[in-house]
Amino acid sequence: MKAKIAIDVMGGDHGPVVTLAAAAQFLRLHPSVTLLLVGDETLVRSQMSAHGLVEGEHLQVVHAPEVVEMAESPAVALRTKKKSSMRIAVDCVRDGSAQAAVSAGNTGALMATAKFVLKTLPGIERPAICTALPSRKGHTHVLDLGANVECNAEHLFQFAVMGSVLVEAYDDNPAPRVGLLNVGAESIKGNDTVKAASALLENGPINYIGFVEGDDIYKGDVDVVVCDGFVGNVALKTSEGLAKMITQFLREEFGRGLMSRLAAVLALPVLKRLKNRLDPGRYNGASFLGLQGIVIKSHGGADVSAFASALGVALREIEKDVPRRIDQRLGQLLNEKETA
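What counts, and at which threshold
Along each chain, numbering runs from 1 in the same order as the chain's sequence is written. Totals for whole chains, interfaces and linings use every residue, but because this is a predicted model, local features are given only for residues with pLDDT of at least 70 and side-chain atom pairs only at 80 or more, for both listing and counting. Heavy atoms throughout the structure, all of them, feed into the side-chain values; hydrogens and water do not. A pocket here means an open set of points on a 1 Å grid, computed over the protein atoms alone, that has protein on both sides within 12 Å along at least five of seven lines. A cavity is instead a set of points where a 1.4 Å probe fits but cannot get out; residues with an atom within 4 Å of a point line either one. Grid points are joined across faces, edges and corners, and a volume is the space filled by probe spheres set on the points. Helix and strand definitions here come from DSSP, where helices need a minimum of 4 consecutive H or I residues and strands a minimum of 2 consecutive E residues; each element is numbered from the N-terminal end. Lys, Arg, Asp and Glu make up the charged group, whereas Ala, Val, Leu, Ile, Met, Phe, Trp, Tyr, Cys and Pro make up the nonpolar group; the residues left over, Gly among them, are polar. Each residue is assigned to one of three classes by its accessible area relative to the maximum for its type, calculated with a 1.4 Å probe on protein chains only: buried under 20%, partly exposed between the two thresholds, exposed over 50%. The criterion used for residue contact is that any of the two residues' heavy atoms lie within 4.5 Å. For this text, the term disulfide refers to a pair of cysteine sulfurs within 2.5 Å. Patch criteria: residues need more than 30% relative accessible area and no salt bridge. Like-charged residues are merged within 9 Å; nonpolar side chains of Val, Leu, Ile, Met, Phe, Trp and Tyr are merged within 5 Å. The Shrake-Rupley method, run with a 1.4 Å probe, gives the accessible areas here. Residue values count only the displayed protein chains as cover. Salt bridge, as used here, is a side-chain nitrogen of Lys or Arg placed within 4 Å of a carboxyl oxygen of Asp or Glu. Between any two strands, at least two bridges found by DSSP are needed for them to pair. The axes used here are C-alpha line fits, helices contributing only the stretch in contact, and every angle between their N-to-C directions lies in the interval 0 to 180 degrees.

Trainee: What is the right way to look at empty space enclosed by the protein in this model?
Mentor: The method is simple in principle: a probe with the dimensions of a water molecule rolls over the atoms, and the space it marks as empty is what remains. Under the counting rule described, the total for this entry stands at two cavities of 30 Å³ or more. Its volume calculated, the largest cavity comes out at about 60 Å³. As for the largest cavity, its lining consists of Ser-287, Phe-288, Leu-289, Gly-290, Leu-291, Gly-293, Ile-294, Val-295, Glu-317, Val-322, Pro-323 and Ile-326. Counting residues per element, the ones that place at least two in the lining of the largest cavity are β10 (286–289), β11 (294–297) and α12 (322–339). Its residues assigned to classes, the lining of the largest cavity comprises eight nonpolar, three polar and one charged. As a volume, the second largest cavity reaches approximately 50 Å³. What lines the second largest cavity is Gly-11, Gly-12, Asp-13, His-14, Gly-15, Val-18, Thr-19, Ala-104, His-299, Gly-300, Ala-302 and Phe-307. Taken together, the residues of the lining of the second largest cavity sort by class into four nonpolar, seven polar and one charged.

Shown next as structure tokens:
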């Protein structure tokens with residue numbers, strides 16, 4: 001079965017200006033994929049030609065007369081915006097007309113909508129947001145990044161299992177190393193929740209390596225880092241802020257006088273490679289794990305290449321059938337609990 005992805009064309013800070021350009025870029029690389037462009041059909045069709053997009057077998061327009069605003073309450077969006085581009089894109093996954101939905105819109109509204117429409121997998125109490133962050137040896141997947149600000153030990157255990165299955169599939173890694181984010185690596189450290197979660201994971205079905213600290217995310221010695229959404233979101237935003245600050249400092253220092261500018265010219269190839277390695281757009285596309293379908297959240301301010309990367313994440317998860325693999329692993333765990 002060929003992949004079909006529904007795009008919330010209207011979502012995000014830039015709307016169709018970015019999403020349509022990204023769709024065109026993505027289709028050039030993946031011409032066999034079908035994209036459903038969900039949004040105001042008059043507006044979408046009026047802008048398609050500017051990006052070389054033509055309706056046909058691999059490109060369809062799905063009308064959605066409403067838009068979920070970036071600052072809109074998730075509850076209000078869920079209750080009153082049933083014809084929004086976000087809601088209809090997720091509906092496409094539920095109805096089977098698409099295998100994944102991608103949106104750069106309001107994160108809270110997207111999570112609420114996806115959970116309501118698609119429901120969680122059996123055995124999963126709460127979905128989690130997971131994305132990859134760059135590390136010294138490649139990347140590290142981190143979850144939860146904001147969906148659940150308060151979690152118990154069982155929730156963290158479920159996140160760990162889902163993250164492990166995602167990385168097994170996404171990176172073709174048969175035994176991902178899973179760590180639990182803590183204030184120290186020693187077993188005596190941490191609050192009662194992380195200690196209880198660690199006890200569950202030590203006897204779990206994954207390659208659990210114990211507690212890890214914040215800097216371990218970037219060392220490359222762990223593949224999946226698990227935490228609650230409060231901690232995860234703070235860690236993510238701190239990382240983004242640090243990357244921006246370093247970039248700004250480099251610009252300022254290379255701009256100090258003629259010799260510094262000459263040095264910048266000589267260092268340009270190195271700086272370009274560094275920028276490419278640190279570019280958050282390369283890692284754009286967070287997975288909503290634990291749902292009965294694939295939903296990918298793009299950063300609201302993503303540019304064309306970054307949004308195209310989010311589409312690539314959706315395609316990869318379709319190809320690897322991530323929800324089914326998570327469901328199978330959880331089914332095995334539930335059966336083991338019943339027979340224990």
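There is more to say, and it comes next.
Trainee: Any chance you could explain the environment of Arg-325 here in plain terms?
Mentor: Counting through the fold element by element, Arg-325 comes out in helix α12. Take Arg-325: its relative accessible area is 29%, and that puts it in the partly exposed class. C-alpha separation for the pair Arg-325 and Ala-169, spaced 156 residues apart in sequence, amounts to 8.2 Å. Apart from residues no more than four positions distant in its own chain, Arg-325 is found in contact with Val-165, Glu-168, Ala-169 and Lys-320.

Trainee: Help me out: how do you make sense of the state of the cysteines in this one?
Mentor: Where two cysteines share a covalent bond between their sulfur atoms, that bond is called a disulfide. Tallied over the full model, the rule gives zero disulfides. Looking at the unpaired Cys-151, the closest cysteine sulfur is the one in Cys-227, lying at 8.5 Å. According to the relative accessible area criterion, Cys-151 is buried, its value standing at 14%.

Trainee: Help me out: how do you make sense of a nonpolar patch on the surface in this one?
Mentor: Judged by side-chain polarity, Leu-242, Met-245, Ile-246, Phe-249, Leu-250 and Leu-274 come together as a nonpolar surface patch covering roughly 500 Å² of accessible area. Examined against the element boundaries, Leu-250 turns out to sit in helix α9 (residues 229–254). Residue Leu-250 is classed as partly exposed on the basis of its relative accessible area, which comes to 32%.

Trainee: Looking at this structure, I do not really get the sheet that holds strand β2 (residues 34–39). What am I missing?
Mentor: Strand pairing in a sheet relies on backbone hydrogen bonds, with the paired strands running either antiparallel or parallel. Reading across from one edge, β3-β2-β1-β4-β11-β10-β5-β6-β9-β7-β8 is the order of the eleven strands in this open sheet, with mixed pairing throughout. Every other strand in the sheet has two partners, leaving β3 (59–63) and β8 (207–212) as the edge strands with one partner each. When strand polarity is set aside, the average angle formed by the axes of neighbouring strands in this sheet is 25 degrees. As defined by bridge partners, strand β6 (residues 138–143) adjoins strand β9 (residues 224–226) across three bridges and the pair is classed as parallel. When the bridges of β9 are listed, Val-142 appears paired with Val-225. Sheet strands in contact with helix α5 (residues 107–118) are β4 (100–103), β5 (128–135), β10 and β11, and its direction is about 180 degrees off that of β11.

Trainee: Explanation requested: the pattern of salt bridges in the structure shown.
Mentor: Where charged atoms from two side chains of opposite charge approach closely, those side chains can pair. Tallied over the full model, the rule gives 16 salt bridges. Close ionic contact of Asp-223 with Arg-177 constitutes a salt bridge, the shortest N to O distance being 3.0 Å. Placement of Asp-223 in the loop between α8 (216–219) and β9 and of Arg-177 in strand β7 (residues 177–181) is noted, with a sequence separation of 46 residues between them. Looking at Asp-223, the relative accessible area reads 13%, which means it is buried.

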